Amino acid sequence: MKSFQKLSQRNGCRAMTPLTPFHVAFPVDDLEAARHFYGTVLGCPEGRSDTAWIDFDLFGHQIVAHFKVKSPEAEGTFSNPVDGHDVPVPHFGVILDMRDWEALAERLTAAGTKFVIEPYVRFKGQTGEQATMFFLDPAGNALEFKAFADMSQLFAH
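Residues numbered from 1 in each chain as written. Predicted model: local features only at pLDDT ≥ 70, side-chain atom pairs only at ≥ 80, totals over all residues. Heavy atoms only, no water.

Brief notes about the environment of Lys70
Move 1: Note on placement: Lys70 falls in the loop between β6 (61-67) and β7 (78-82).
Move 2: Note on Lys70: relative accessible area 42%, which makes it partly exposed.
Move 3: C-alpha of Lys70 to C-alpha of Val28: the two residues are 42 residues apart in sequence and 7.8 Å apart in space. (Helix = DSSP H or I, 4+ residues; strand = E, 2+ residues; numbered from the N terminus. Buried < 20%, exposed > 50% of the residue type's maximum accessible area, 1.4 Å probe, protein only.)

Dropping the structure here:
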C-alpha cells in the first residue's frame, strides 16, 4: 500500500504534506458479517474489538463498525446523480493508487460482490478523470473506492 501526500496551499504555493489517517464509525446490524466483509473480502486487518464494535485498518485509516439494531425507519436510500449514475449518499471509502484499485476491484468481483455502480472510469478525458466503484457492506453502508491516474487531479475543478 502506498501512502499519498496531499496538495495544500501555503503562501500561494502548492506544497506536498503527508496525509493523516481519518477515523469513521458506522452502524452495522451483524458484527460477524462485518468482520467477514471488512476482514476477509476487503482484506482489512482487524484492530481492537469488543462485544459491540470492531476496529479495522482500511488502507491505513481507522474505521469502526458499531453494532446497532436495524430499525424499519432506517430503510431506504438517498442518491445524487453523478456522471449518469445514482451515487448513494452517505458513503465513504479510500482513494487508492490505480494498481491497488484494480486489485481490489478484481478481489471484490471474485468474491461475488454486488456493485451499486460497477468499476469504471468516470469523467473520461475530463479534469478529475478517475476510476470508481460503489458497493454496500452487509449492513447496507455504501462504500466508494476510487483511483486517479494523476493524483494532482484529486481536487481539480
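Considerations on the pattern of salt bridges
Move 1: The tally for this structure, following the rule as stated, stands at five salt bridges.
Move 2: Of the charged contacts in the structure, one is a salt bridge between Glu32 and Arg35, with a shortest N-O distance of 2.6 Å. Of this pair, Glu32 and Arg35 are both found in helix α1 (residues 31-41), three residues apart, which corresponds to roughly one turn of the helix.
Move 3: Given a relative accessible area of 24%, Arg35 falls into the partly exposed group.
Move 4: Among the ionic pairs, Arg48 bridges to Asp55, the shortest N-O distance being 3.5 Å.
Move 5: One continuous salt-bridge network, built from bridges that share partners, spans Glu32, Arg35 and Glu46. (Salt bridge = Lys/Arg side-chain N within 4 Å of Asp/Glu carboxyl O.)

Quick look at the nonpolar core
Move 1: Counting residues in each nonpolar core, the largest one holds 29 residues, and the members touching the most others are Tyr38, Leu42, Leu108, Met133, Phe135 and Phe145.
Move 2: Sorting the residues of this core by element identifies β3 (23-28), α1, β5 (53-58), β6, α2 (98-110), β12 (130-136) and β13 (142-147) as the ones contributing at least two each.
Move 3: In terms of residue count, α1 provides more of this core than any other element does, five residues in total.
Move 4: In this view, Leu42 contacts Phe37, Leu104, Arg107, Leu108, Phe135 and Leu143; residues no more than four positions away in its chain are not counted. (Core = buried A, V, L, I, M, F, W, Y, C linked by side-chain atoms within 4.5 Å. Contact = heavy atoms within 4.5 Å.)

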